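# Tertiary structure, described
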Amino acid sequence: MATSNVKLEKCEVCSANKAKYTCPKCEVRTCCLICVNIHKKELECDGIRDRMKFKPLSSFTDLDLLNDYRLLEEVGRSVDKFKKNPLKKCTRNIDLPVHLNRLRIGVYNRKVNFHFMPQHFTKHKKNTTFLKWKTNELFWRIEWLFPQADNIIQVTERALETVRLSTLLEQVLYPLNAMEEKSDIEKLNLKLSLNDKLQFYQAADLNGLKVLLKAEKITKSDIRFHELDITLTLKENLENKTIIEFPTLYVVLKDHVDMYEIIDTDDEEIYPKKNCGQKRRWSYIDKDKGELQDINKPVNYFFNTTSIESDDEELDIANNIEQNTEDKTRKCSFNIPNYDELIKTNYK
């Protein structure tokens, strides 16, 4: 027992000094700040106590009960806060503003399936896509993502749709060339760091790169992409595509294209639509039963009680039908004279 107590008293990171601190989350014993930081990096621990962690009833105390009660109070306050916030309470269920409505009409006229997100979504707030109504010029916001460069994201705030995709890509690949004023030291340092991270892409040049557009509104959209032609304009590349707020373009090396599932617009598998709101059609009303007979309901001919079992029954039913029709014609028959006879009698 003495050896086990000695082990618990020592630091679990360095095993040299006596432990002084206990992590609230993973309960690792450490001796100093250096060991605390090491254990956070190795175990990916944030050091925040897990308030939802299971605790057996045998070790449950009044302090644990108080902590649970405070947690429920915080949840209730957050729910009330979201209910009172009009942005969080509901999505956009009213008409769009004038500038957004014009933007949507302009994008639809360019054969792009365009969708807006709710107004409190971050992607909607970041969207700077703009339609110049007088000249009918569309400026897209584009997010460029470089997977082979630590997933760096570059943003083009307003890219004119008539510009070639290769020209826009060059502006992003070579950030130092696109920088107009180099007097700002902070911006210059940021551009230099970006330029260093994009060296693999710069070495491959435009001929060794592929630009992929993330597919939207289809099945398995997280792993499916459209391949774009950098020799065409942005407008031509986005035709017949689905865009949510703004396009997200993945710049990939040609050697890594096999890692992505590339589809065409004709091969898209759209989400299946439910047959909601379709009216049910009824064929007739059965007078004997007084019930509506559904024409869409499948009929089981093997166990159908209304089916005819023999030829004799068919003949009996046919004879009954003929007799009924004769009786009806007798009751409904009238001795109507000819038209000429009626005229003669009237003139006499």
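Residues numbered from 1 in each chain as written. Predicted model: local features only at pLDDT ≥ 70, side-chain atom pairs only at ≥ 80, totals over all residues. Heavy atoms only, no water.

Turning our eyes to something else, we now look at the overall build of the chain. For the chain, the helix and strand inventory stands at 13 helices and 13 strands. Going through the 348 residues of the chain one by one, you find that 28% of them count as buried. Within the chain, contacts between residues at least 6 apart in sequence are counted, and of these 53% link residues at least 24 apart. When the accessible surface of the chain is split by element, carbon and sulfur atoms take 52% of a total near 26700 Å². (Helix = DSSP H or I, 4+ residues; strand = E, 2+ residues; numbered from the N terminus. Buried < 20%, exposed > 50% of the residue type's maximum accessible area, 1.4 Å probe, protein only. Contact = heavy atoms within 4.5 Å. Areas by Shrake-Rupley, 256 points an atom, 1.4 Å probe, with all protein chains shown as cover.)

Once that is clear, we can look at helix α2 (residues 33-43). What α2 keeps buried is the set Cys 35, Val 36 and His 39. Considered in projection along α2, the buried side chains sweep an arc of 105° and stay on one side of the axis. Exposed and facing more than 90 degrees away from the buried side of α2 are Leu 33, Ile 34 and Lys 41. On its buried face, α2 is in contact with β2 (29-30). Positive phi shows up at Glu 44, right after α2, with a value of about 55°. (Arc of directions from axis to C-beta.)

This paragraph deals with the packing of aromatic side chains. On inspection of all chains with the given rule, the structure shows 5 aromatic pairs. Centre to centre, the rings of Phe 146 and Tyr 201 are 5.0 Å apart; their planes meet at 80°, and the pair counts as edge-to-face. Taken together, the positions of Phe 146 in strand β5 (residues 137-146) and Tyr 201 in helix α10 (residues 199-204) put the pair 55 residues apart, joining distant regions of the chain. The pair Phe 146 / Tyr 201 is uniform in exposure class, with both members buried. Here Phe 225 and Tyr 250 contribute two aromatic rings whose centre-to-centre distance is 4.9 Å and whose plane-to-plane angle is 70°, an arrangement assigned as edge-to-face. Highlighted residues: Phe 225 in strand β8 (residues 224-228) and Tyr 250 in strand β10 (residues 248-253), separated in sequence by 25 residues. We classify Phe 225 as buried; its relative accessible area is 5%. A residue is classified by how much of its surface remains accessible, and Tyr 250, at 16% relative accessible area, is buried. Of the aromatic side chains, those joined through ring pairs into one cluster are Phe 114, Phe 116 and Trp 140. Between Lys 123 and the ring centre of Phe 246, over which it is positioned, the NZ or CZ distance is 5.1 Å. (Phe/Tyr/Trp six-rings, centres within 6.5 Å; stacked < 30°, edge-to-face > 60°. Lys NZ or Arg CZ within 6 Å of the ring centre and 35° of its normal.)

In the numbering adopted here, UniProt assigns the feature "domain: HIT-type" (unreviewed entry) to residues 11-45. With 31% helix and 11% strand, residues 11-45 has its two end C-alpha atoms placed 17 Å apart. (UniProt positions renumbered as here; feature names shortened; annotations may be inferred.)

Once that is clear, we can look at the side chain of Glu 245. Summarising the element assignment, Glu 245 is placed in the loop between β9 (242-244) and β10. Excluding anything up to four places from it in sequence, Glu 245 contacts Phe 114, His 115, Phe 116, Met 117, Lys 123, His 124, Asn 127, Thr 129 and Trp 140.

All right, on to the pairing of strand β6 (residues 152-160) then. Where β5 and β6 come together, 7 bridges link them in antiparallel fashion. From the neighbouring strand, Ile 142 faces β6, where its bridge partner is Thr 156. Taken together, β5 and the strand that follows it, β6, pair antiparallel across an intervening segment of 5 residues, in which Asp 150 is found at a positive phi of about 60°. (Pairing = 2+ DSSP bridges.)

What follows covers the state of the cysteines. Put plainly, a disulfide is one covalent bond tying together the sulfur atoms of two cysteines. Enumeration according to the criterion identifies 0 disulfides in this entry. In this structure Cys 31 is a free cysteine whose sulfur lies 3.6 Å from that of Cys 35, the closest cysteine sulfur available. (Disulfide = S-S within 2.5 Å.)

Turning our eyes to something else, we now look at unusual backbone geometry. Even without glycine at this site, Glu 44 takes up a positive phi of about 55°. Mapped onto the secondary structure, Glu 44 falls in the loop between α2 and α3 (62-84). By relative accessible area, which is 72% here, Glu 44 ends up exposed. In this model, Asn 136 sits at a positive phi of 55°, which is unusual for a non-glycine residue. Turning to its location among the elements, Asn 136 is positioned in the loop between β4 (130-132) and β5.

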